[in-house]
Amino acid sequence: MLKRSCEIAQVETSELADALTTINATLSELGFEIRHTIEQRTGKACYVFVNTMEDKASAASSDMNHAELSYLKVLIGKILGEPSLRYCIDHAEALRASNDKSIQPQITKTQAQKTLSIYIAKGWLEKSPKGNYCLSTRTLVELGKFFEGYEAETQDWQCASCLSPVTIGYQCASCPTRLHKFCVTRGTGRQHICPKCKVAWPATSSPCLVIGEDAGVRTKRAKSEELSSGEAESEDDV
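Residues numbered from 1 in each chain as written. Predicted model: local features only at pLDDT ≥ 70, side-chain atom pairs only at ≥ 80, totals over all residues. Heavy atoms only, no water.

1. Regarding the nonpolar core
In summary, soluble globular proteins display a tendency toward joint burial of nonpolar side chains.
Right, so step 1: Within the largest apolar cluster, 40 residues are counted, with the highest numbers of intra-cluster contacts made by Tyr-71, Leu-75, Leu-116, Tyr-119, Leu-125 and Trp-201.
Right, so step 2: If you list the elements that add at least two residues to this core, you get α4 (66–80), α5 (91–96), α6 (109–122) and β5 (133–135).
Right, so step 3: In terms of residue count, α4 provides more of this core than any other element does, nine residues in total.
Right, so step 4: Lining this core are residues from two domains, each supplying at least three of them: domain 2 (66–154) and domain 3 (169–224). (Core = buried A, V, L, I, M, F, W, Y, C linked by side-chain atoms within 4.5 Å. Buried < 20%, exposed > 50% of the residue type's maximum accessible area, 1.4 Å probe, protein only. Helix = DSSP H or I, 4+ residues; strand = E, 2+ residues; numbered from the N terminus. Domains from an automatic or database assignment.)

2. A closer look at the pattern of salt bridges
Right, so step 1: Tallied over the entire structure, the rule returns three salt bridges.
Right, so step 2: Of the charged contacts in the structure, one is a salt bridge between Glu-126 and Arg-41, with a shortest N-O distance of 3.5 Å. Of this pair, Glu-126 sits in strand β4 (residues 125–127) while Arg-41 sits in the loop between β1 (32–38) and β2 (45–51), and the two are 85 residues apart along the sequence.
Right, so step 3: Across the salt bridge formed by Lys-130 and Asp-214, the nearest N and O atoms sit 2.4 Å from each other. Here Lys-130 is found in the loop between β4 and β5, whereas its partner Asp-214 is found in the loop between β8 (209–211) and α10 (220–237), with 84 residues between them in sequence.
Right, so step 4: Its relative accessible area of 56% is what places Lys-130 among the exposed residues. (Salt bridge = Lys/Arg side-chain N within 4 Å of Asp/Glu carboxyl O.)

3. Some words on the sheet that holds β8
Right, so step 1: Ordered in space as β7-β6-β8, the three strands form an open sheet in which the pairing is antiparallel. Where the open sheet ends on each side, the last strands, each with one partner, are β7 (178–179) and β8.
Right, so step 2: In this sheet, β7 lies alongside strand β6 (residues 169–171) in antiparallel orientation, the contact comprising two bridges. From the neighbouring strand, Tyr-170 faces β7, where its bridge partner is Leu-179. (Pairing = 2+ DSSP bridges.)

So, in structure tokens, the structure goes:
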């Protein structure tokens with residue numbers, strides 16, 4: 001898509017930043033834009049063709065019917081409302097969400113199953129390696145303004161290093177600062193400290209808070225350290 005866009009705008013792909021600026025200047029007149037972001041699981045650069053209409057939810061409706069759009073809104077709310085920063089829901093919960101009264105017209109479980117497949121195929125949602133439904137790169141970029149309101153006021157939505165949204169990564173244990181896993185080294189610097197509150201940020205990212213479907217799950221190292229600490233205390237008591 002990028003190559004074709006460059007051909008239409010008659011610019012060279014070698015100067016990517018300048019090319020995007022030139023291309024977006026033309027696309028903006030049509031209500032579109034190409035935005036740069038990163039894929040949270042791999043750290044690879046991504047370029048998303050975005051509808052820049054002011055109403056982001058309406059922008060998504062260009063390739064959805066009313067029921068599909070309503071269902072997606074409900075799912076986004078469920079995913080962002082998950083406790084412990086998990087930002088994902090399982091298949092059963094996704095199907096239960098189809099009973100929400102805000103979805104009009106109402107859809108059956110069979111229709112919900114089919115619609116979930118459509119969201120995956122069109123890139124609005126993605127399935128994690130564990131089979132949970134998560135927000136896709138496309139959704140994070142194109143519908144960002146729509147779901148920012150779900151964030152608690154005490155939390156920072158963006159990665160402190162790359163400034164892209166973080167729904168998979170880490171959060172400082174002492175402040176709301178977030179970093180993607182692949183941004184930790186760059187974000188914490190040689191001193192391995194939080195870029196905002198300046199407390200130590202261990203290279204292992206523990207005891208930092210995990211963001212994503214493993215949120216709240218202790219690492220093997222953390223469990224081992226806890227066990228060792230308990231054994232040491234027992235020996236002291238003796």
